[in-house]
Every structure is written in C-alpha cells, then in structure tokens.
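Here is how the chains run, residue by residue.
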Amino acid sequence: MSDKWLEIACDIPADYSEILAAYLTELSGSGVCMENIDVDAFSHSEIVHSAIVSIKAYFNSEVGINEHLAAINNFLIQLSEEHPDLIISKPVLSEVRSEDWSNSWKVNFKPLRVGKKLLIVPSWEEANQQPDDIVLHLDPGMAFGTGGHETTRLCLELLEKIMDELPTGKNASVLDLGTGSGILAMAAVKLGAKPVHAVDIDPLAIEVAKENLAINLMANDVECSTTPLESMTTDFDIILANILAEELVRLAPQIINRLASDGKLVLSGILAEKEEFVRNGFALQPVEFIETRSDGEWVALLFSKGDK
Ligand code: SAH
C-alpha cells in the first residue's frame, strides 16, 4: 500500500448524507468518514445535529482518481436533479499523509474487542473473528455508542460478567436505559438475555438503534421505544444505564423500582470525581453496592437488589 492517500471530500445536507456515504463507500471500496458528526459526543445535548455533513472518501492510488472525481460529480448532479431542494457543492480532492489518515478514521472506526468475547465491527468492515467471538456490526449514525467510549466499554464488561455469573438455565431480562446506537441492547441479546427492551428519550437514537438491530438481523429481539422510565411498569433482571451522573441520581428511585428482586444494576457515564455523588444518590435505595470499574477518567458501578 502506498503511503500517500487521496481524499475526496463532499459537503452535503445531512438528509442526503446516507445516500452519498453509501455511494462513496462502494466507489472507494473502504469506509467513509463523516466529519461533522461527532460520534464521541457523550451526552444527549452534546450530540451535534449538523445541517451540513462533510463526507470524505479515501483512495490510495492516483490511478483513476480523476475518473472517480468526475463520477462523484455526476452522482451529485443527478441527485440534485432528482431533488430540486438539494444544493450541492463540488467535491474537493486533496492529499493526506498516512498519519493523518490513521488519525482520522482508522483509529476511531476500527474493529474493537471488548471484554472477553465481544467484537464490535463498523458496519462497512469485515470481521476478522475468532470461533468464540460474539460479533456486533455497528453504524454509529448520529447516535452515541460505537463501543469506543470508555463508558460503553465499562458497561459491556460488566454486562458480560453478569451474564457469565447467571445460574445455569436462568433467563435474564434487560432494560437498556438510554440506548443510543443500541449497542448495549444488542450485546445483551447476543450474550443470551431475553427479553431486551431499549429506550431513549431521543427519537433519533431509537431510529439509529433500529437500523443497527436490522443490520445485525436482530430487529425482533429488542423492543425499542421512547417510553419514559417513569411510565414503565415491567421489572427487569438487569438494568444498564449509561447516561450521566446527575441524570442517574435524579432517576434513582424509578430505576430501582424497575429492578427485579436479586436484579443487577450497571450505572455508567460517571466521571471518577462523581462516583461518590452517585453512590450517595443510591445510598437510600434498597440496593447493595458490589464493585466499581474504571477506565481513564470514567467509572461504572455495579449494584445488586435485595429481595423486594
Ligand atoms: N447506551 C449507549 C449510549 C449512551 S449515550 C452506550 O452505552 O454507548 C446516553 C443516551 O442516553 C443518549 O442517547 C441520551 O439520549 C439518552 N438519555 C439521556 N437521558 C435519558 C433518560 N432520562 N431516559 C432515557 N434515555 C436517556
């Protein structure tokens, strides 16, 4: 492979980003990078809903690059003829050094191993899986949860531990509170949980979660909704909540209400300096603290509920 990469960048309104990304993925034969979508943003309010998305495709040879550029141009012109409201701009060709290339999307989007068995693979890549791997294909879209964030990984690790320690033959139901991309709900299904319910206050996240479930042929395995926790009536054996410290403490009574006897609760999205605040927030609840896991500046907490 050559050291030099060529980048073709196209700015397009977000509504048309998926169709263009799909076209560029096919044309380049590799992944594309959507620059204005900040998949690392954590909280709901930080998710950027940008009107214009810059989609970048990468090629590692100059051979045929002008033809690619012309083909992309034609594709955009045709798209704008089909959609008169679409204003297009010309694709821009530039050179990137291989370090820039690896820093941009290779690092952020490469397949990721989490815990003992989970392998998270960007939806456009092939999985290089071992026989025991549990593979999840993921397109982060505009929702949080690629598995790259510490808070997600900590949840996945604790979930794997809980599922491993379940008595043989015991069935566990799961609530993924604040599902984002759907990653935790999908992992729960793959690890054997049933039924699994994924909720999010953001309808866009629920859309992305549904797309990811479809990619993984799991559309019937997870119930997705925007139902607020306060309105839910079913109890769950496991609740996963990767939200943020303040919101977790605010929701503490409702979360515990939905946790079945002997149920396990994973709280994540907590900066280490907020651990005490969250533990205090759950101190009056009928749950026993089991452990803290940490990664960088983040921690996740595991609790177990006594008999009701
Ligand atoms: N579960 C994913 C995504 C976490 S991001 C992961 O672990 O990677 C946090 C998500 O929680 C966001 O999608 C946000 O919209 C959602 N959220 C925030 N407060 C919520 C609440 N009170 N009820 C349900 N979802 C909430």
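Residues numbered from 1 in each chain as written. Predicted model: local features only at pLDDT ≥ 70, side-chain atom pairs only at ≥ 80, totals over all residues. Heavy atoms only, no water.

S.K.: Summarise the pairing of strand 10 (residues 222–225); cite the residues concerned and give the values.
M.R.: Where strand 9 (residues 196–199) and strand 10 come together, four bridges link them in parallel fashion. Paired with Val199 across the bridge in strand 10 is Ser225. Running through helix 6 (residues 203–215), the crossover from strand 9 to the neighbouring parallel element strand 10 is right-handed. (Pairing = 2+ DSSP bridges. Helix = DSSP H or I, 4+ residues; strand = E, 2+ residues; numbered from the N terminus. Right-handed = clockwise from strand over helix to strand, strands pointing away.)

S.K.: A description of the pattern of salt bridges should follow, citing residues and the corresponding values.
M.R.: Following the criterion strictly, the structure yields 13 salt bridges and no others. A salt bridge links Arg153 to Asp295; its shortest N-O distance comes to 3.2 Å. Of this pair, Arg153 sits in helix 4 (residues 150–164) while Asp295 is found in strand 13 (residues 287–295), placing the two residues 142 residues apart along the sequence. With relative accessibility at 23%, the residue Asp295 sits in the partly exposed group. Residue Arg250 pairs with Glu247 through a salt bridge whose shortest N-O separation is 3.0 Å. Here Arg250 and its partner Glu247 are both found in helix 7 (residues 245–257), three residues apart, which amounts to about one turn of the helix. Residue Glu247 is classed as partly exposed on the basis of its relative accessible area of 26%. Taken together, the shared-partner salt bridges connect Glu157, Lys161, Glu165, Glu291 and Arg293 into one network. (Salt bridge = Lys/Arg side-chain N within 4 Å of Asp/Glu carboxyl O. Buried < 20%, exposed > 50% of the residue type's maximum accessible area, 1.4 Å probe, protein only.)

S.K.: Can you explain the environment of Leu229? Please cite residues and give values.
M.R.: Mapped onto the secondary structure, Leu229 falls in the loop between strand 10 and strand 11 (236–242). Here the alpha-carbon distance between Leu229 and Arg258, two residues 29 residues apart in the chain, equals 8.4 Å. For Leu229, the contacting residues outside a window of four places in its chain are Leu175, Leu177, Leu251, Gln254, Ile255 and Arg258. (Contact = heavy atoms within 4.5 Å.)

S.K.: Mind laying out the packing of helix 7 against helix 8 (residues 275–282), listing which residues take part and the relevant values?
M.R.: Between helix 7 and helix 8, the shortest axis-to-axis distance is 9 Å and the interhelical angle comes to 20 degrees. Classified by the angle between their axes, helix 7 and helix 8 sit roughly parallel to one another. Our pair here, helix 7 against helix 8, has a crossing hand that is right-handed. Each of Ala245, Glu246, Leu248, Val249, Ala252, Ile255 and Ile256 in helix 7 lies in contact with helix 8, whose residues at this interface are Phe277, Val278, Gly281 and Phe282. (Axes fitted to C-alpha atoms, helices over the stretch in contact; angles between N-to-C directions. Parallel < 35°, antiparallel > 145°, perpendicular 65-115°, else oblique. Left-handed = near helix turned anticlockwise from the far one by under 90°.)

S.K.: Explain a negative patch on the surface to me, using residue names and the numbers behind them.
M.R.: Taken together, the side chains of Glu18, Asp139, Glu207 and Glu211 make up a negatively charged region of the molecular surface. Within the fold, Glu207 resides in helix 6. (Patch = residues over 30% accessible without salt bridge, like charges linked within 9 Å, V, L, I, M, F, W, Y side chains within 5 Å. Areas by Shrake-Rupley, 256 points an atom, 1.4 Å probe, with all protein chains shown as cover. Lys, Arg positive; Asp, Glu negative; His and termini not counted. Charge placed at Lys NZ, Arg CZ, Asp CG, Glu CD.)

S.K.: So, the sheet that holds strand 7 (residues 134–138): which residues are in play, and what are the values?
M.R.: The strand order across the open sheet formed by three strands is 5-6-7, and the pairing between neighbours is mixed. Every interior strand has two partners, whereas the edge strands, strand 5 (112–114) and strand 7, have only one. Here the average twist between neighbouring strands, direction ignored, is 25 degrees. Two elements, strand 5 and strand 6 (residues 118–122), share three bridges in a ladder whose sense is antiparallel. Paired with Arg113 across the strands is Leu119, a residue of strand 6.

Shape is all these values report; function is a separate question.
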